[in-house]
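Tertiary structure, described
These are the residues of each chain, in order.
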Amino acid sequence: MAVNNQLAKQPKKTSIAVFLTQDAAKNQINKVVGGKNGTRFISSIISAVQTTPALQECTNNSILNAALLGEALNLSPSPQLGQFYMVPFKNKKKGTVEAQFQLGYKGYIQLAIRSGYYKKLNVIPIKEGELIRYDPLNEEIEVSLIEDDIAREEASTIGYYAMFEYENGFRKTMYWSKKKMQAHADKYSAAYNSKIAEKIENGEIPENEMWKYSSFWYKDFDGMAMKTMLRQLISKWGIMSIDMQDAINKDMAVISDDGTPDYVDNQPEEEIQEVVSEQEVQEVRPVVENTESEPNHTDAESEFFDS
């Protein structure tokens, strides 16, 4: 069995909890976090690894360096908060699995708010029946939002709207249809295919095959789309703080010990399954909990999650 053969080649890995108690790791942590917050920081890493079992297959250095970057940006690694993620990727060049730093849309919001430039910042999915018109020339939108929150949440999404306004009054807006967003995801995400997504929505994919489609473009398309909208809007029109620039430059990269980013080549997420345990395969658990990346990080439109 391919999984067994792969596992046989894998040397036993030191647990992240043990690794973080070693002097080299503690020295790195103290430089960024300081002694007083070290215990909290270590606990947050261990918790994130426990929440995403596939991270246990990643090199400990890559996990630590991704977490240290998040800490330097004052962002939480908690998947529940969605500010940034440590995402497992198989690096075929090195023959290892590494954790990438990937910024979430809520991380964009946090960094933008802290910059002090923005008076208003918003991103929202537009539901079926809500859009009356959008004038891209004058950037004017007219909508009639569904008042019932539960009904609105259950309604189909037809597009996405994002806007910001500076303290000085400068304002910028953007609207994308869902069809345009799907085309964008098709182009920039190696893990996403709009035809497969349609089959998933229609219930045409058997439950025992859903583990193949653990990319968040499938699991949380709206969340991915909102990050895309913020990135498009802020990177092209917004003022970016030093922290924001650093986060965008290192988004979807494995962070080396000296802080430089290493962008892993794209590969289908199915390839990552080779390193998960046979038990996980039998249980049909997702190989990658949080994932996505794009073919060329030098493109300003690079996105969120999984390769």
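Residues numbered from 1 in each chain as written. Predicted model: local features only at pLDDT ≥ 70, side-chain atom pairs only at ≥ 80, totals over all residues. Heavy atoms only, no water.

A tally of helices and strands in the protein chain yields 13 helices and nine strands. Burial analysis of the protein chain (307 residues in total) assigns 48% to the buried set. Intrachain contacts of the protein chain at a sequence separation of at least 6 include 68% that bridge at least 24 residues. (Helix = DSSP H or I, 4+ residues; strand = E, 2+ residues; numbered from the N terminus. Buried < 20%, exposed > 50% of the residue type's maximum accessible area, 1.4 Å probe, protein only. Contact = heavy atoms within 4.5 Å.)

Of all residues in the protein chain, 81% attain a pLDDT of 70 or more, and the chain-wide mean is 80. In this model residues 265–307 is a low-confidence stretch, pLDDT under 50, and it forms 167 contacts with partners more than four residues away in sequence or in other chains. (pLDDT = per-residue confidence, 0-100.)

This part takes up the nonpolar core. Formed by 60 residues in total, the largest nonpolar core has its most connected members in Ile45, Leu64 and Met86. Non-local contacts of Ile45, meaning those with residues more than four positions away in its chain, are made with Ile16, Leu20, Ile63, Leu64 and Ala67. Among the nonpolar cores identified, the runner-up in size contains five residues, and Tyr134, Tyr161, Met163 and Tyr175 belong to it. (Core = buried A, V, L, I, M, F, W, Y, C linked by side-chain atoms within 4.5 Å.)

Moving on, we get to the sheet that holds strand β7 (residues 171–177). The strand order β3-β6-β7 describes an open sheet built from three strands, whose pairing is antiparallel. A strand with exactly one partner marks an edge of an open sheet, and here the two such strands are β3 (118–127) and β7. Going across the sheet, the axis of each strand differs from the next one's by a mean of 10°, ignoring polarity. Judged from the nine bridges that link them, β3 and strand β6 (residues 157–166) form a sheet pairing that is antiparallel. In the strand pairing of β6, Ile126 is matched with Gly159. Lying over the sheet, helix α11 (residues 221–237) contacts β3, β6 and β7, oriented at roughly 35° with respect to β6. (Pairing = 2+ DSSP bridges. Axes fitted to C-alpha atoms, helices over the stretch in contact; angles between N-to-C directions.)

Once that is clear, we can look at the packing of aromatic side chains. In this structure the tally under the stated criterion is twelve aromatic pairs. Pairing Tyr192 with Tyr218 gives two aromatic rings, centres 5.3 Å apart and planes at 35°, and the pair type is tilted. Of this pair, Tyr192 sits in the loop between α8 (178–188) and α9 (194–201) while Tyr218 is found in helix α10 (residues 216–219), placing the two residues 26 residues apart along the sequence. Judged by relative accessible area, Tyr192 falls into the buried class, the value being 4%. The cationic tip of Lys172 hangs over the ring face of Trp237; the distance from NZ or CZ to the ring centre is 3.5 Å. The lysine or arginine in question, Lys178, covers the ring of Phe221, its NZ or CZ lying 5.5 Å from the ring centre. (Phe/Tyr/Trp six-rings, centres within 6.5 Å; stacked < 30°, edge-to-face > 60°. Lys NZ or Arg CZ within 6 Å of the ring centre and 35° of its normal.)

Our focus in this paragraph is the packing of helix α3 (residues 23–32) against helix α5 (residues 60–72). Relative orientation of the contacting elements α3 and α5 amounts to 10°, with a least axis distance of 10 Å. As the angle between them shows, α3 and α5 are arranged roughly parallel. Only Asn61, Leu64, Asn65, Leu68, Glu71 and Ala72 of α5 make contact with α3, whose side of the interface consists of Ala25, Gln28, Ile29 and Val32. Grouping the constituent residues of the contact of α3 with α5 by class yields six nonpolar, three polar and one charged. (Parallel < 35°, antiparallel > 145°, perpendicular 65-115°, else oblique. Nonpolar A, V, L, I, M, F, W, Y, C, P; charged D, E, K, R; others polar.)

What follows is about the pattern of salt bridges. If the charged atoms of two oppositely charged side chains come close together, the side chains can form a pair. Under the criterion given, the structure shown has 13 salt bridges. The residue Glu139 makes a salt bridge to Lys172 at a minimum N-O spacing of 3.0 Å. Of this pair, Glu139 sits in the loop between β4 (131–135) and β5 (140–143) while Lys172 is found in strand β7, placing the two residues 33 residues apart along the sequence. Of the residues examined, Lys172 reaches a relative accessible area of 11% and is grouped as buried. A salt bridge links Lys178 to Glu201; the nearest nitrogen and oxygen atoms lie 3.7 Å apart. Of this pair, Lys178 sits in helix α8 while Glu201 sits in helix α9, and the two are 23 residues apart along the sequence. Residue classification places Lys178 among the buried positions, given a relative accessible area of 18%. Overall, Glu201 belongs to the exposed group, its relative accessible area being 58%. The network of salt bridges with shared partners includes Lys94, Glu98 and Asp262. (Salt bridge = Lys/Arg side-chain N within 4 Å of Asp/Glu carboxyl O.)

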